[in-house]
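# Residue-level structure breakdown
Spelled out from the first residue to the last, the chains are:
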Amino acid sequence: MGRILVTGATGTVGRSAVALLRRAGAEVAPASRATGDLRDPGTLPLDGVSAALLVWPFGTAEGAREVIEAVAGRAGRVVYLSSAARREHEREIERLIAQTAGAWTFLRPHAFAANTLRWARRIRAGAVRGAYGAAAMPPVHERDVAAVAVRALLDEGHHGAAYDLTGPETISQADQVRIISEVTGLPARWVEVPPEHARAALESDGLPPEAVEEVLRAQAELARRPLPATSVVEEVTKEPAIPFRQWVEEHAEDFRVPVAAPTMRAARMHGFGDASVIRYDTVRTPEPGPGEVLVEVAATAFNPSEVGLRTGLLPEVFRVELPHTLGWDVSGTVVATGTDVTGLTPGDRVFGMAGGAAAGYAVAPAESLVRAPRRIPLADAAAVPVAGLTAWQAVHEHAHVTPGRRVLVNGAGGGVGLFAVQLAKLAGAHVTGTASPRSTAAVRRLGADEVIDYTAAPLPRDLDVLLNLIPLADGTAAELAGLARVTVSIATPIEGGAHFVMRADPGQLTRLAELIDEGGLMVEVAESHPLSGLADVHRRAEAGDLRGKITLIP
């Protein structure tokens, strides 16, 4: 047995092949981009090579002819890792090998189980949003592909074979997410979205448009005609193919604990003005300082006050340096901690407030974050901090709502209003909410005793508490004065009433998380969009086309 060359030796399949070959007693000559230029035959360790596993980690066949001729001139046997898709460059490499090598075998794996790691961030966020959840395929373990390669390298009888390699069972995308959730303990689910929404998410992940279209076409076909499993792995290796669940068990930590990338995407405003000042930039990932943590952002949430920030209407309240990364609400997973941080470690799921949360990663003071509720997807927790704390402080600190009080929530269908209705009910009040017709059902579902269409019906009088959560015209503000014994407004001040601005309070945020996990407080997310769509959300907000809380997913 001579030396066996393995190119791409540090990749998913190459690494496993090297380990299996050495276990079989073979001498291995590993080659990778770290040891030289794989397209330059002069950098390959070809002395004494009798067989070669060719893993070609490039998207074109440029340079392949010279390498194949050099390898085939030394190695009597060449095994090539192609793919079931047989893209143009893969067909060309197969043709060159068949013309040049004395003996050859082609490996054509279908979907790798490892491909699901592209969902890791979404799994941590609690929801994988995509089209064609019914698209089903049999994911193959990279070790099984490597095991077939090893047999083709070491045994006779594989010359001229082209092996279609799959895992042992066909599983839909939605079920793959379910299995990952079950194994890792991370509460995640598949969320079906229209293809155009899936397209935007894939493009925001950095895939070129042509690749996005190829992915969506393939998924649509697999939803119509699921791919059956083959028995090739077992026939060649004499061992059953490894189930997808076992692959997940072996890679569970890769889903649970993130690793920060050196760069990230961020939604930043480059000036004051209309929504066109918001750009989706690539910037360096920040590093946490003393007392700070770096969070992989699962989601941020849109707050109407950011329109005022963006337009420069409130410079005395919002003092920022440009360019400025938007976003205050944050939910996500701790990636790294600075010095002097206790109580939080990488892998912890947290939520709270952090400046610059409209990005892939955000730095926040550790003391401003608390453990995220487990009952809801982590991304949905981003809808809570600003709106939930505002509602809590309105109901408990300023209105002092107690059992039996008659409370009117003006603007009950908004992000703050939906929490205020629930918190007032939990405090034992009789709650009336004003809402537009499209928000009425949500307000009722969350516990309001009565719902008034503010566009058509008069407001009740003789109230104990009025919570005003929406901007008012001067005349309307005057009409509301005196409706209740206690008046609290977070928007337009009302004569004789209290007016306040929410403050961050980790203790109150912890209590909100407890109420969510106890089932007493529901979190309603009206819409979720890729972070790249933040400018469009701002435009819709100014046009009055938003209802409830909107989350943005990096």
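This section reports on the structure supplied with the text. (Residues numbered from 1 in each chain as written. Predicted model: local features only at pLDDT ≥ 70, side-chain atom pairs only at ≥ 80, totals over all residues. Heavy atoms only, no water.)

## Observations concerning the side chain of Glu306
The condition that has to hold: In this description a helix means any DSSP run of H or I spanning at least four residues, a strand means any run of E spanning at least two, and both kinds are numbered starting from the N terminus. Burial classification: accessible surface area is computed with a 1.4 Å probe over protein chains only, and a residue below 20% of its type maximum counts as buried, one above 50% as exposed, and the rest as partly exposed. The charge count includes Lys and Arg as positive and Asp and Glu as negative, but it does not include His or the ends of the chains. Note on definitions: salt bridges are taken to be side-chain nitrogens of Lys or Arg within 4 Å of carboxyl oxygens of Asp or Glu. By the criterion applied in these results, polar contacts are pairs of N or O atoms within 3.5 Å in which, for protein atoms, one can donate a hydrogen and the other can accept it, and in which residues neighboring in sequence qualify only through two side-chain atoms. We call two residues in contact when some of their heavy atoms are within 4.5 Å.
Along the chain, Glu306 turns up in helix H12 (residues 305-311). This buried residue, Glu306, is left without a salt bridge; Lys549 holds the nearest opposite charge, at 8.0 Å. One polar contact links the side chain of Glu306 to the main-chain amide nitrogen of Gly327, over a distance of 3.1 Å. For Glu306, the contacting residues outside a window of four places in its chain are Ala301, Leu326, Gly327, Trp328 and His538.

## Some words on the sheet that holds strand E8 (residues 161-165)
We count it as follows: Strands are labelled as partners when DSSP assigns at least two bridges between them. Axis angles are defined between N-to-C directions and span 0 to 180 degrees, where every axis is a line fitted to C-alpha atoms and, for a helix, only to the segment in contact.
Strand order in the open sheet formed by six strands is E2-E1-E3-E4-E5-E8, and the pairing between neighbours is parallel. Each of the sheet's edge strands pairs with one partner strand only, and the pair in question is strand E2 (28-31) and E8. Neighbour to neighbour, the strand axes of the sheet diverge by 15° on average, direction disregarded. Summarising the sheet, strand E4 (residues 77-81) and strand E5 (residues 103-109) pair through five bridges and their orientation is parallel.

## Re helix H1 (residues 12-23)
To keep it simple, the criterion reads: By this rule the span expected of a helix is its residue count minus one, scaled by 1.5 Å.
The terminal C-alpha atoms of H1, which comprises 12 residues, lie 17 Å apart, in line with the 16 Å expected from a rise of 1.5 Å per residue. In this structure, the buried residues of H1 make contact with strand E1 (3-7), E2, strand E3 (49-54), E4 and helix H5 (142-154). Phi for Gly25, located one or two positions after H1, is positive at around 90°.

## Looking at the nonpolar core
Here is the rule we go by: The set of buried Ala, Val, Leu, Ile, Met, Phe, Trp, Tyr and Cys residues whose side-chain atoms join them within 4.5 Å is what this entry labels a nonpolar core.
Val409 and Leu467 are the most contacted members of the largest nonpolar core, which has 72 residues in total. With residues up to four places along the chain from it excluded, the contact list for Leu467 reads Ala394, Val395, Ala399, Val407, Leu408, Val409, Asn410, Ala420 and Val488. Ranked by size, the runner-up nonpolar core spans 33 residues in total, among them Ile4, Leu20, Val55 and Leu153.

## Overview of the sheet that holds strand E11 (residues 263-269)
On the basis of which strands lie adjacent, the open sheet formed by three strands has the order E12-E11-E14 and antiparallel pairing. The two strands at the open ends of the sheet, each matched to only one other strand, are strand E12 (278-284) and strand E14 (324-325). Here two bridges tie E11 to E14, and the two strands are oriented antiparallel to one another. Bridge assignment links Met269 to a residue of E14, and that residue is His324.

## Considering unusual backbone geometry
The omega torsion across Leu322 and Pro323 is -5°, close enough to zero to call that bond cis. Of note, Pro323 is situated in the loop between H12 and E14. Phi at Arg86 is positive, roughly 45°, even though this residue is not glycine. Mapped onto the elements, Arg86 comes out in the loop between E4 and helix H3 (88-100). Assessed through its relative accessible area of 29%, Arg86 is described here as partly exposed.

## Notes on the environment of Arg178
Along the polypeptide, Arg178 turns up in helix H6 (residues 173-184). For Arg178, a relative accessible area of 37% puts it in the partly exposed group. Between the C-alpha atoms of Arg178 and Ala188, which are 10 residues apart in sequence, the distance is 7.1 Å.

## A look at the packing of aromatic side chains
Threshold: Aromatic rings from Phe, Tyr and Trp, with only the six-membered ring used for Trp, were paired whenever their centres fell within 6.5 Å, and each pair was classed as stacked if the ring planes differed by under 30 degrees, edge-to-face if by over 60, and tilted otherwise. We call a charge positioned over a ring when the NZ of a Lys or the CZ of an Arg lies within 6 Å of the ring centre and within 35 degrees of the ring normal.
This structure, assessed with the given rule, holds six aromatic pairs. A ring pair is formed by Trp56 and Phe58, whose centres lie 5.0 Å apart and whose planes are at 75°; its orientation type is edge-to-face. The buried category is assigned to Phe58, whose relative accessible area is 13%. Plain terms: the ring middles of Phe244 and Trp247 are 6.1 Å apart, the flat faces sit at 10° to each other, and that makes the pair stacked. Taken together, the positions of Phe244 and Trp247, both in helix H10 (residues 244-250) and three residues apart, correspond to about one turn of that helix. A residue is classified by how much of its surface remains accessible, and Phe244, at 1% relative accessible area, is buried. Put simply, the rings of Tyr80, Trp104 and Phe106 touch in pairs and so form one group of aromatic residues. The ring of Phe58 carries the charged tip of Arg39 above its face, separated from the ring centre by 3.9 Å. Of note, Arg121 hangs over the ring of Tyr361, and the distance from its end group to the ring centre comes to 5.1 Å.

Everything listed is a geometric property; what it means functionally is a separate question.
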